[in-house]
Amino acid sequence: MSAHAPLTLPVEPPLTSRMVLFFTACSYLCVALSFSYLDRRHGFFVGEGVFWLVWSLLGFGTALFYLGRGSRAAETHWKIMGGLATVIMLVVFFKYNLLRWAGVSLLLVLSARAVVLHTRRDFYLALTVIFVVSLMVATYWTADWTVWFYLAPAWLFASLALAWEHAAGAAVPRWAKGSMTLGFIALSFVLALLLFLFAPRPPTLGFGFLPPGTDTPNLNRQDAGGQGAQRGEGGGPGAGSDGSAAGSGQSAGAGSAWQRMFERMRRDLQDPNMPEWQRETLQRLTGWGEIAAAALSGNLVLGTKRVPGDELPGTSLGELLQQAGEYCVQQIIVPFWPWLLLLLVLALLVYRYWRRRYRIAAAGLLLLALWTVRTQPGWSMRLSARALDCCLRQQGHGPRRGVSLREQLAGAASVPDLPRRWLTYALDLYGETRFGAAAADARRAANMRKAVHGASQILSGLMPELRRT
């Protein structure tokens, strides 16, 4: 008989990017908040939101620390959080129905399991759980369009996580990854919006806040005057107690699908259990949507006042854009100009100093190391080691999986001889303290900081005469 070699399963590629884990954590938190948002009428949304924030920090937050370290403490952490998740699942068993209890169980276990999320298989499984729970939230009977305030960012972060993981092995800058991913998402959103507005809908029963397809073939279609009354829409959701809404609807077309949709959306915003900051944000977004709809439906939107298009025979697209610009200035720029100015200044600073980010980070870490030399010498030496890593990154030698700082320094051919000797001396002090028997004291911490500071000054180009030695 011939001997056959044993079958070996392929090794799963590990996760190496903390950005992937960070975007996954943000997506998870948004889905968890949307899950609790369904029960906001009970008054526990704020408390449950704080719980999900703490739970995600305990799970995904510590996973960012354990990633790439191979620490055995991660297994212990996962067992503790798994036990707590089991206890919480038993406690809330009678609070939810079976479907929602399965959803909350998946969310609890996912954050607990995130502590040992180290491979791509674990990452894809986490995104699958996030998608399943978000689909359950979007189709639940208490869901309306406001739940997408949390689901939309969740799917956006999940898309960014997939893009970062896909390009992890390629030499693509971070700004290129982010811009290309956001551009693809924006294009997909525009195409989906065009299909939603103009494509004929199948004769289904409707979905959430969307009207049935048999009643609205597409949102750009205008019903003839009087059809709403014949079909019994005069006393529908848009009609007031005095019938004024029905009368104005007949004068403006009586069946404007745009008006009906926005009226239903504004009624949902009157929910007293909705957080006030969320209500204000969605009201502004709804106002912007009405402005965009004015050019398509023939209704001019001025704040909350609607002027029917047939009463403005000379209104052109240019005038509509002018009115939209005035509305944006009054409602966005004027109230929020200090914050917009601050964002502009921050964007300019980031653009100006992005190439010097490692130099600035090293200077900040060394300053903190100086402040903690006497009180916390151990922390001071760790901060100096982080500053040393920033110096190597500044020279184009970033960290690699399984490679120590000493090995990175040995392979950094662009580091001159003098700063290399100083950095080697700093690493010797750090190694004797962390892995040897030497105790961290103020003298060692100060000497290590001085060595890293001197090497950083030379590598930054502040002393070019020493860089050649």
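Before any of the text, the structure's been laid out above.
Going along each chain's sequence as written, the residues are numbered from 1 onward. Where totals are concerned, whole chains, interfaces and linings use all residues; where local detail is concerned, this predicted model gives features only for residues with pLDDT of at least 70, and gives and counts side-chain atom pairs only at 80 or more. Side-chain metrics in this entry use all non-hydrogen atoms of the structure; hydrogen atoms and water are not considered.

Student: Can you break down the pattern of salt bridges residue by residue, with the values?
Tutor: A pairing counts as a salt bridge when a side-chain nitrogen of Lys or Arg comes within 4 Å of a carboxyl oxygen of Asp or Glu. Summed over all chains, the structure comprises 10 salt bridges. Glutamate 48 is paired through a salt bridge with lysine 95; the nearest N and O atoms lie 2.9 Å apart. Residue glutamate 48 is found in helix α2 (residues 45-66), and its partner lysine 95 is found in the loop between α3 (73-91) and α4 (98-113); the two are separated by 47 residues along the sequence. A residue is classified by how much of its surface remains accessible, and lysine 95, at 48% relative accessible area, is partly exposed. Between arginine 393 and aspartate 389 there is a salt bridge, and its shortest N-O distance comes to 2.9 Å. Placement of both arginine 393 and aspartate 389 in helix α14 (residues 377-394) is noted, with a separation of 4 residues, approximately one turn of the helix. Judged by its relative accessible area of 28%, arginine 393 falls in the partly exposed class. With relative accessibility at 11%, the residue aspartate 389 sits in the buried group. Shared partners join several salt bridges into a network, and the residues in it are Asp39, Arg41 and Arg100. Counting from the N terminus, the helices are the DSSP runs of H or I reaching at least four residues and the strands are the DSSP runs of E reaching at least two. Exposure classes here rest on a 1.4 Å probe applied to the protein chains alone. A residue is buried below 20% of its type maximum, exposed above 50%, and partly exposed in between.

Student: Break down helix α6 (residues 148-166) for me, with residues and values.
Tutor: Take the number of residues in a helix, subtract one, and multiply by 1.5 Å to get its expected span. The first and last C-alpha atoms of α6 sit 26 Å apart over 19 residues, in line with the 27 Å expected at 1.5 Å per residue. Residues of α6 that are buried include every one of Tyr150, Leu151, Ala154, Ala158, Leu160, Ala161, Trp164 and Glu165, and no others.

Student: Can you tell me about the packing of aromatic side chains, naming the residues and giving the values?
Tutor: A pair of Phe, Tyr and Trp rings is counted when the ring centres sit within 6.5 Å of each other, with Trp represented by its six-membered ring. The angle between the planes then sorts it: under 30 degrees is stacked, over 60 is edge-to-face, the rest tilted. Applying the stated criterion to the full structure yields 19 aromatic pairs. A network of ring pairs unites the aromatic residues Tyr28, Phe51, Trp52, Trp55 and Phe60 as a single cluster. Only when the NZ atom of a Lys or the CZ atom of an Arg is both within 6 Å of the ring centre and within 35 degrees of the ring normal do we say a charge sits over the ring. The side chain of arginine 100 reaches across the aromatic face of phenylalanine 35, ending 4.1 Å from its centre. Here the guanidinium or amino end of arginine 382 rests over the ring plane of tryptophan 379, the centre of that ring lying 5.4 Å away.

Student: Help me get a handle on α4, residues and values and all.
Tutor: Taking 1.5 Å as the rise per residue, α4 with 16 residues should run 22 Å; its terminal C-alpha atoms sit 22 Å apart, in good agreement. For α4, the full list of buried residues reads Arg100, Trp101, Gly103, Val104, Ser105, Leu107, Leu108, Leu110, Ser111 and Ala112. Structurally, α4 contributes buried residues whose contacts are with α1 (18-37), α2, α3 and α5 (120-138). In what follows, a contact means two residues having at least one pair of non-hydrogen atoms within 4.5 Å.

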